[in-house]
Amino acid sequence: MSSFQKSSFLKSIQLYIPALILLFSVLNEFDLNYLNIEYFSFNFVHILIFYWTLKNPLYLSYGIIFISGLINDVVIGIPIGLSSFCYLIICIITAYLRNITLSPNFINDWITLLFTLLLVNSIEVIFLDLIFSISVNYTKYFVNIGFTFLFYPLLIVIFSKLEKNIRTRKND
């Protein structure tokens, strides 16, 4: 009887793995800035939100994404609500893409990710620089967009395997 409860508990926990990864990554500000490499950073959270809200939004709810944005703002030290706004813009774009796409295509998703990154980061720069008068390094934003765009294929493979594992455990 206890093994049955353990397995059902593990199955239910696995459904929340993307949300736990999201919360962990915003709490740690995970974008490889800790390596202190001058022009190397990517935004893991944007890829995570883009993939999971595009492929299977049941695993990552908009409420968790909004709360993660608030946590990210506190950790980074930018005005409250800016990251949540940007994360929800990613969700809007992926919801639109998911509804208009008849057959998923990796190249279309990748190009849409580039458009999404440019839009979200430009909104963030506009808010930070023009409205809140916080100095922004534009070069770091462009480098971040470039590396985030380039790391998407690698992370999509990892997330696809994770989703397949979650799906098979869910159906057991």
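Residues numbered from 1 in each chain as written. Predicted model: local features only at pLDDT ≥ 70, side-chain atom pairs only at ≥ 80, totals over all residues. Heavy atoms only, no water.

**Some remarks on the overall build of the chain**
Stage number 1. Helix and strand counts for the chain come out as seven helices and zero strands.
Stage number 2. In sequence order, the chain lays out its α and β elements as α-α-α-α-α-α-α.
Stage number 3. Among the 172 residues that make up the chain, the fraction classed as buried is 40%.
Stage number 4. Taking all contacts inside the chain whose residues are at least 6 apart in sequence as the whole, residues at least 24 apart take part in 72%.
Stage number 5. Roughly 9,900 Å² of accessible area belongs to the chain as shown, and the carbon and sulfur atoms make up 69% of that amount. (Helix = DSSP H or I, 4+ residues; strand = E, 2+ residues; numbered from the N terminus. Buried < 20%, exposed > 50% of the residue type's maximum accessible area, 1.4 Å probe, protein only. Contact = heavy atoms within 4.5 Å. Areas by Shrake-Rupley, 256 points an atom, 1.4 Å probe, with all protein chains shown as cover.)

**Things to note about unusual backbone geometry**
Stage number 1. Phi is positive for Ser133, which is not a glycine, with a value near 55°.
Stage number 2. Along the chain, the position of Ser133 falls in the loop between helix H6 (106–131) and helix H7 (138–171).

**With respect to the side chain of His46**
Stage number 1. Considering the arrangement of structural elements, one finds His46 in helix H3 (residues 44–55).
Stage number 2. If sequence neighbours within four positions are ignored, His46 has contacts with Tyr87, Ile90, Leu117, Val120 and Asn121.

**Focus: the nonpolar core**
Stage number 1. Among the nonpolar cores identified, the biggest contains 41 residues, and Leu22, Ile49, Trp52 and Phe159 are the most heavily contacted of them.
Stage number 2. Taken together, the elements giving at least two residues each to this core come down to helix H2 (17–27), H3, helix H5 (82–100), H6 and H7.
Stage number 3. Apart from the residues within four sequence positions on either side, Leu22 is in contact with Val45, Leu48, Ile49, Leu60, Ile64, Ile65 and Ser68. (Core = buried A, V, L, I, M, F, W, Y, C linked by side-chain atoms within 4.5 Å.)

**Digging into the pattern of salt bridges**
Stage number 1. Scanning the model with the defined rule gives two salt bridges in all.
Stage number 2. The residue Glu163 makes a salt bridge to Arg167 at a minimum N-O spacing of 3.3 Å. In this pair, Glu163 and Arg167 both sit in helix H7, four residues apart, roughly one turn of the helix. (Salt bridge = Lys/Arg side-chain N within 4 Å of Asp/Glu carboxyl O.)

**Let's talk about the packing of H3 against H6**
Stage number 1. Orientation of H3 relative to H6, taken along the N-to-C sense of each, is 130°, at an axis distance of 11 Å. The angle between H3 and H6 places the two elements in the oblique class. As H3 runs across H6, the sense of the crossing is right-handed. Between H3 and H6, the contacting residues are His46, Phe50, Leu54 and Lys55 on the first element and Asp109, Thr112, Leu113, Thr116, Leu117, Val120 and Asn121 on the second.
Stage number 2. Of the residues contributing to the contact of H3 with H6, the split by class is five nonpolar, four polar and two charged. (Axes fitted to C-alpha atoms, helices over the stretch in contact; angles between N-to-C directions. Parallel < 35°, antiparallel > 145°, perpendicular 65-115°, else oblique. Left-handed = near helix turned anticlockwise from the far one by under 90°. Nonpolar A, V, L, I, M, F, W, Y, C, P; charged D, E, K, R; others polar.)

**Describing the packing of H2 against helix H4 (residues 62–76)**
Stage number 1. Following both chains from N to C, one finds H2 and H4 inclined at 15°, their axes separated by 8 Å at the closest point. Our classification of the angle between H2 and H4 gives roughly parallel. Note that H2 runs across H4; the crossing there is right-handed. Residues Ala19, Leu22, Leu23, Val26 and Leu27 of H2 pack against Ile64, Ile65, Ser68, Ile71, Asn72 and Val75 of H4.

**Quick look at H2**
Stage number 1. Turning to H2, its buried residues are Pro18, Ala19, Leu22, Ser25 and Val26. Viewed along the axis of H2, the buried residues span an arc of 130°, placing them on a single side of the element. Opposite its buried face, H2 presents the exposed residues Phe24 and Leu27, each directed more than 90 degrees away. (Arc of directions from axis to C-beta.)

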